[in-house]
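Residue-level structure breakdown
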Amino acid sequence: MKKLLTLLASLALFLPAVRADVVLSSIISNGMVLQRGVPAPVWGWADAGEEVTVEFGGQVKKAIPGPDRKWMVDLDPLEASATPRSMTISGKNKILLENILVGEVWIAAGQSNMDWTFHQIDPAEREFAESQKENSLIRAFHVHKNLKAGIPMDDTPGVWKDAAQMVAGPNSVSAVGFFFALELAKSLGIPVAILDVNWGGQRIEPFLAPEGYQAVGLPFKEPDLSVSRSTQEAAKQIASSKASIDESYQAAQKGLKMAFDAPNNPYGNAENFIYNAMVAPLAPYAVQGTI
């Protein structure tokens, strides 16, 4: 019996996960700022055929995901509001998002200059930025890891930050983006947020969608999709590398050095690798513009 249970447990590692709960994109979360004056998409994933209901600001929107499990609703155009409100997303489970504002949203993306943090700017400027920690009108969605992918990803790791969190610690947001949001919020008197997507030392081409290459006449080499794994294949490859990384981590905790098996990206590579990994997952989000 014990051997049977062990065998079943091993087989379970290779079975697709049961996907019952509604899951949201990382940008659809507590503290977000929605773009005013235009339809505002809200999206995520659920079981195919499962009705998902989104409630916000007196609006009720419904969607039914198809075979790809993705669902999306468009909220009707909203008026700017600095009053925090809640959003409810429900299907087989119920998610409550809080502290949501409506205003303007701008993409702050680029290389070294946009990547400049508060620990790299003039001390007087940093002191002024820190004096704005209680400013309730400015926020940022901070994509906090530099990642590559050969095909557009579904999601990317990031978190919404208020003014105090925007300037705090070594992982602060773009100083340029912060001062832009601060000045615009002061001028308009409404909430302003930036989508902070930066990677210093890179060329601009990796940030572009294929349409961006075409728009300016740049040749675009289509990625080799044969290297891109399905999510199940990728999960197996990641799990294999994770065991090696865990061993190395445990050794480091004991003061020892141990090499680990660094995984190749299971989702391949492409010349627009930043767009695929860090920008494309945010693309449905409604914005006012880009700096």
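Residues numbered from 1 in each chain as written. Predicted model: local features only at pLDDT ≥ 70, side-chain atom pairs only at ≥ 80, totals over all residues. Heavy atoms only, no water.

**Thoughts on the overall build of the protein chain**
How we decide: Starting at the N terminus, helices and strands are each numbered in turn, a helix being any DSSP run of H or I of at least four residues and a strand any DSSP run of E of at least two. The buried label goes to any residue with under 20% of its type's maximum accessible area, the exposed label to any with over 50%, and the partly exposed label to all in between, with areas taken from a 1.4 Å probe on protein chains only. Contacts are assigned to residue pairs with any non-hydrogen atoms lying within 4.5 Å of each other. The Shrake-Rupley method, run with a 1.4 Å probe, gives the accessible areas here. Residue values count only the displayed protein chains as cover. For this count, His and the chain ends are skipped, Lys and Arg are scored as positive, and Asp and Glu as negative. All charge positions are set by atom: Lys at NZ, Arg at CZ, Asp at CG, Glu at CD.
Each helix and strand in the protein chain was counted, giving eight helices and twelve strands. Here the C-alpha coordinates of the protein chain stretch approximately 70 × 50 × 45 Å along the principal axes. Per-residue burial over the protein chain gives 41% buried out of 291 residues. Across the protein chain, contacts joining residues at least 24 apart in sequence account for 72% of those joining residues at least 6 apart. Here the protein chain displays about 15,800 Å² of accessible surface, and carbon together with sulfur accounts for 56% of that area. In the protein chain, 25 positive and 31 negative side-chain charges are present, and the distance between their average locations comes to 8 Å.

**Focus on helix H7 (residues 231-253)**
Selection criterion: One fewer than the residue count of a helix, multiplied by 1.5 Å, yields its expected span.
Compared with an ideal rise of 1.5 Å per residue, which puts 23 residues at 33 Å, H7 spans 31 Å between its outermost C-alpha atoms and is within 8% of the ideal. Every buried residue belonging to H7 is among Ala234, Ser241, Ser244, Ser248 and Ala251, and all of these are buried.

**Side note on the sheet that holds strand E1 (residues 23-24)**
Test applied: In this analysis, strands are considered paired if DSSP registers two or more bridges between them.
Pairing within the open sheet is antiparallel, and its three strands lie in the order E1-E3-E6. Strands at the two margins of the open sheet, each flanked by one partner only, are E1 and strand E6 (70-75).

**Some details on the pairing of strand E9 (residues 138-143)**
By the criterion of burial, E9 is predominantly enclosed, with six of the six residues buried. Bridge count for E9 against strand E11 (residues 192-198) is five bridges, and the pairing is parallel. The partner of arginine 139 across the bridge, within E11, is alanine 193. Relative to strand E10 (residues 158-161), E9 runs antiparallel, the two being bridged by four bridges. Each bridged residue has a counterpart across the sheet, and for histidine 142 the counterpart in E10 is valine 159.

**Topic: the pairing of strand E7 (residues 81-90)**
Note on strand geometry: in a regular strand, side chains alternate between the two faces of the sheet. In terms of strand pairing, strand E4 (residues 52-56) meets E7 through four bridges, oriented antiparallel. Note that in E7 the partner of valine 54 across the bridge is isoleucine 89. As judged from the six bridges shared by E7 and strand E8 (residues 94-110), these two strands associate in the antiparallel manner. Its bridge partner being in E8, serine 81 is matched across the sheet by valine 102. Linking E7 back to E8 in an antiparallel pair, the connection comprises three residues.

**Focus on unusual backbone geometry**
Not every positive phi belongs to a glycine, and arginine 69 is a case in point at roughly 75 degrees. Relative to the helices and strands, arginine 69 resides in the loop between strand E5 (59-63) and E6. We note that asparagine 99 has phi near 65 degrees; this positive angle belongs to a residue other than glycine. In this fold, asparagine 99 is placed in strand E8.

**Topic: the environment of aspartate 76**
Convention followed: In protein, a polar contact requires one atom able to donate a hydrogen and another able to accept it; more generally it is a pair of N or O atoms within 3.5 Å, and residues adjacent in sequence count only if both atoms are side-chain atoms.
Mapped onto the elements, aspartate 76 comes out in the loop between E6 and E7. Taking the C-alpha atoms as reference points, aspartate 76 and alanine 40, 36 residues apart in sequence, are found 6.8 Å from one another. If sequence neighbours within four positions are ignored, aspartate 76 has contacts with Gln59 and Lys61. At 3.0 Å, the side chain of aspartate 76 forms a polar contact with the side chain of lysine 61.

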